[in-house]
There are 2 protein chains.
Amino acid sequence: MKQPRYITDDDILKTISPAEAINVTKQAFIDYAKQKSKMPEKIYLDMAEFNGDFRAMPAYVERYNIAGIKWVNSHKDNPKQGLPSVMATLIVNNPKTGELIALLDATALTCLRTGSVGAIATKLLCKKKTPKITLIGCGKQAEFQIKCIQEIRTIESISCYDVVTDNAEVLAKKVAGYTNEVMISSSIKEACSLADIIITTTPAKAPCLSLYDIPQSCLIIAIGADAKGKQELNHDILKNATIIVDDIKQASHSGEINTAISEKKLSEHAIDATLGDMLVGNTHLTLKDHILVDSTGLAIQDLALAGYYLQK
Amino acid sequence: MKQPRYITDDDILKTISPAEAINVTKQAFIDYAKQKSKMPEKIYLDMAEFNGDFRAMPAYVERYNIAGIKWVNSHKDNPKQGLPSVMATLIVNNPKTGELIALLDATALTCLRTGSVGAIATKLLCKKKTPKITLIGCGKQAEFQIKCIQEIRTIESISCYDVVTDNAEVLAKKVAGYTNEVMISSSIKEACSLADIIITTTPAKAPCLSLYDIPQSCLIIAIGADAKGKQELNHDILKNATIIVDDIKQASHSGEINTAISEKKLSEHAIDATLGDMLVGNTHLTLKDHILVDSTGLAIQDLALAGYYLQK
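Just so you know, these numbers come straight off a predicted model, no measurement behind them. (Residues numbered from 1 in each chain as written. Chains lettered and ligands numbered in written order. Predicted model: local features only at pLDDT ≥ 70, side-chain atom pairs only at ≥ 80, totals over all residues. Heavy atoms only, no water.)

## Side note on the overall build of chain A
On a plain count of helices and strands, chain A comes out with 11 helices and 15 strands. Against the compact-globule benchmark of 20 Å for 312 residues, chain A has a radius of gyration of 18 Å, which places it among compact chains. Expressed as lengths along the three principal axes of its C-alpha atoms, the size of chain A is roughly 60 × 40 × 40 Å. Across the 312 residues of chain A, 61% fall into the buried class. A separation of at least 24 residues holds for 68% of the contacts in chain A among residues at least 6 apart in sequence. (Helix = DSSP H or I, 4+ residues; strand = E, 2+ residues; numbered from the N terminus. Rg over C-alpha atoms; globule rule 2.2 N^0.38 Å. Buried < 20%, exposed > 50% of the residue type's maximum accessible area, 1.4 Å probe, protein only. Contact = heavy atoms within 4.5 Å.)

The following block contains the structure:
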């Protein structure tokens, strides 16, 4: 019995550019909106005793003729011991027979598709040609948001904030090549004061950003909340914002809006559109001053990127 | 980034004997009954368009300090093209950090743990020292039932029945070494007429065995039904049988009893015990003439076997 094909993060990063990842992720949204792919609900394996969890994300993508599952962890204390919080493995199968096609590290792939969602949201929802971007949370996800967004906009400036200042400093160096001005902020309010786009990628379980902290008009891309009970934004931000999600069900259960919905401060009807609907032109929105894009991460995107890699 | 450790089916079969698999599976039941392991509900990725599905089975096993997920398919038409219906891959992680420990073919492992459940059920519930065994459905699962049961009982005879007679003939040759008498039956009634133990491992979605087919007293080990809507036994068998399951929730949703429960012909209260309860001595049952063991397959067993392999 032979060993299956194994694809590493390095293979992925060498082969798929941010620009390509954006195109594949965009197409995955469109295919999903057209019901050309399937994505049952995630399940969680709770590891509260170790301040973490695992998530199982199955999917089927007709375009690449593959089915599979991403298995991804989230362990908040990992960075303290020099490990990433989030690591992932992807199994890819033939949907017609179930045969194993390949196994992939899916950590880099997760970063690419999450960054791509930020870029897609920016293209659809940010009118500024040269936006000022604020990063709340300065880990790997924040870095890939910049890597992808710079593919579609000239970035005027980047402001970095992290509760651990060292993280902000490390990220500031990494993203220095993508803009003329990188700042490290000592408070969230300072970091956000001039932002056109605010990107939150923290593991917060309590809001760290309120209406009082943000400019009168901005696009907020909320990445961090991806499990029940997680929340980065105070509910006062949600009340008068245009709300766009990647998936209505998944965002309602485990995205940024999940606590507001479970506390009945927001109804699912307050969701204005999905990114997929916007991409296929299924929406006619009048955008408010504050726009929230609630990104939870979709298995169809991970699998589509794997399919793209395998076909390349 | 280095390739992860990959363990093949051959590695598993060379390293874990049926006797060892029975011990590990038994211990997994006991640990689960003592809440020393975790197992969220399976999720299914439906592939009805290809007459199949995939299942995601996450678990945590404290004894071996591992978490992980089994991803397993079930494609009914595979044997027509010379492929097994069921193939599986297992991802094993460090539960404290989420780091990947190993990847395993889990097809052989699935056969071993399923066979082990048959052996455990036989040890607990079959009084006959030299039972006559009937196999309804003659694929890989049936073979491993015999491989495992022969570890704990001298098998008097084996009667094989399959809708495809060729399958019964192939299996009859494979199990010939485990008993003095192997028969191929031309009907289910004939196959079951003298059985002490009847083992069903078919992919049936409609009952193929009724009260009329079985002896006045027997142990039925029902393996095939492992998804909503699947069923091998007519409900008339369930009515007056002692019902033992591997897991109450999983069996009620997707085991042999799932259709009877969803049609309100049986209540969850009709379940007399779990195999785990019996193993830890938590039950005082008066057994009826017909005993049904409803085996759905537990992720904790797969993971425990992987843990045993990795520790060995």
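## Observations concerning the sheet that holds strand E12 (residues 218-222) of chain B
Residue and element names in this part refer to chain B. Pairing in this open sheet of 8 strands is parallel, and the strands run E10-E9-E8-E11-E12-E15-E13-E14 from one edge to the other. Both outer strands of the open sheet, strand E10 (182-184) and strand E14 (273-274), are each paired with one neighbouring strand and no more. Of the pairings in the sheet, the one linking strand E13 (residues 242-245) to E14 comprises 2 bridges and is parallel in character. Bridge assignment links Ile 244 to a residue of E14, and that residue is Ala 273. Together, strand E8 (132-136), strand E9 (157-161), strand E11 (197-200) and E12 form the strand contacts of helix H4 (residues 140-149), whose direction differs from that of E8 by roughly 160 degrees. The strands touched by helix H5 (residues 165-175) are E8, E9 and E10; relative to E10, the strand with the most contacts, the crossing angle is about 175 degrees. (Pairing = 2+ DSSP bridges. Axes fitted to C-alpha atoms, helices over the stretch in contact; angles between N-to-C directions.)

## Focus on the interface of chain A and chain B
Taken residue by residue, the interface counts 45 residues in chain A and 46 residues in chain B. Here chain A and chain B share 2 salt bridges between them. The shortest N-O distance in the salt bridge between Glu 49 of chain A and Lys 38 of chain B comes to 2.9 Å. Taken together, chain A and chain B are joined by 13 residue pairs in polar contact (both at pLDDT 80 or more). (Salt bridge = Lys/Arg side-chain N within 4 Å of Asp/Glu carboxyl O. Polar contact = N/O pair within 3.5 Å; in protein donor to acceptor, adjacent residues only side chain to side chain.)

## Describing helix H11 (residues 299-311) of chain A
Residue and element names in this part refer to chain A. Its 13 residues place the ends of H11 18 Å apart at the C-alpha level, agreeing with the 18 Å of an ideal helix rising 1.5 Å per residue. Of all 13 residues that make up H11, 11 are buried, and the element is covered over most of its length. Turning to H11, its buried residues number three or more, namely Ala 299, Ile 300, Gln 301, Asp 302, Leu 303, Ala 304, Leu 305, Ala 306, Gly 307, Tyr 309 and Leu 310. (Expected span 1.5 Å × (residues − 1).)

## Some thoughts on the domain arrangement of chain A
Residues and elements named next belong to chain A. For chain A, the assigned domains read domain 1 (6-109 + 301-311) and domain 2 (114-297). Placing a centre on the C-alpha atoms of domain 1 and another on those of domain 2 gives a separation of 21 Å. Counting across the domain 1 and domain 2 interface gives 2 salt bridges. Among the ionic pairs, Lys 249 bridges to Glu 41, the shortest N-O distance being 3.8 Å. (Domains from an automatic or database assignment.)

## Topic: the relation of the copies chain A and chain B
For the pair chain A and chain B, the superposition axis carries a translation of 0.0 Å, the fit reaches an RMSD of 0.0 Å, and the rotation angle comes to 180 degrees. Taken together, the rotation and translation describe the operation of a two-fold axis. (Least-squares fit on C-alpha atoms with pLDDT ≥ 70 in both.)

## A short note on the sheet that holds strand E15 (residues 290-294) of chain A
Residue and element names in this part refer to chain A. Ordered by their spatial adjacency, 8 strands build an open sheet running E10-E9-E8-E11-E12-E15-E13-E14, and the pairing between neighbours is parallel. Either end of the sheet is taken by a strand with one partner, and the two such strands are strand E10 (182-184) and strand E14 (273-274). Relative to strand E12 (residues 218-222), strand E11 (residues 197-200) is paired through 4 bridges, and the arrangement is parallel. Across the sheet, Ile 199 pairs through a bridge with Ile 221, a residue of E12. Contacts from helix H3 (residues 107-125) reach E11, E12, strand E13 (242-245) and E15 within the one sheet, and its direction differs from that of E12 by about 160 degrees. Most of the contacts of helix H5 (residues 165-175) go to E10, to which it runs at about 175 degrees, and overall it touches strand E8 (132-136), strand E9 (157-161) and E10.

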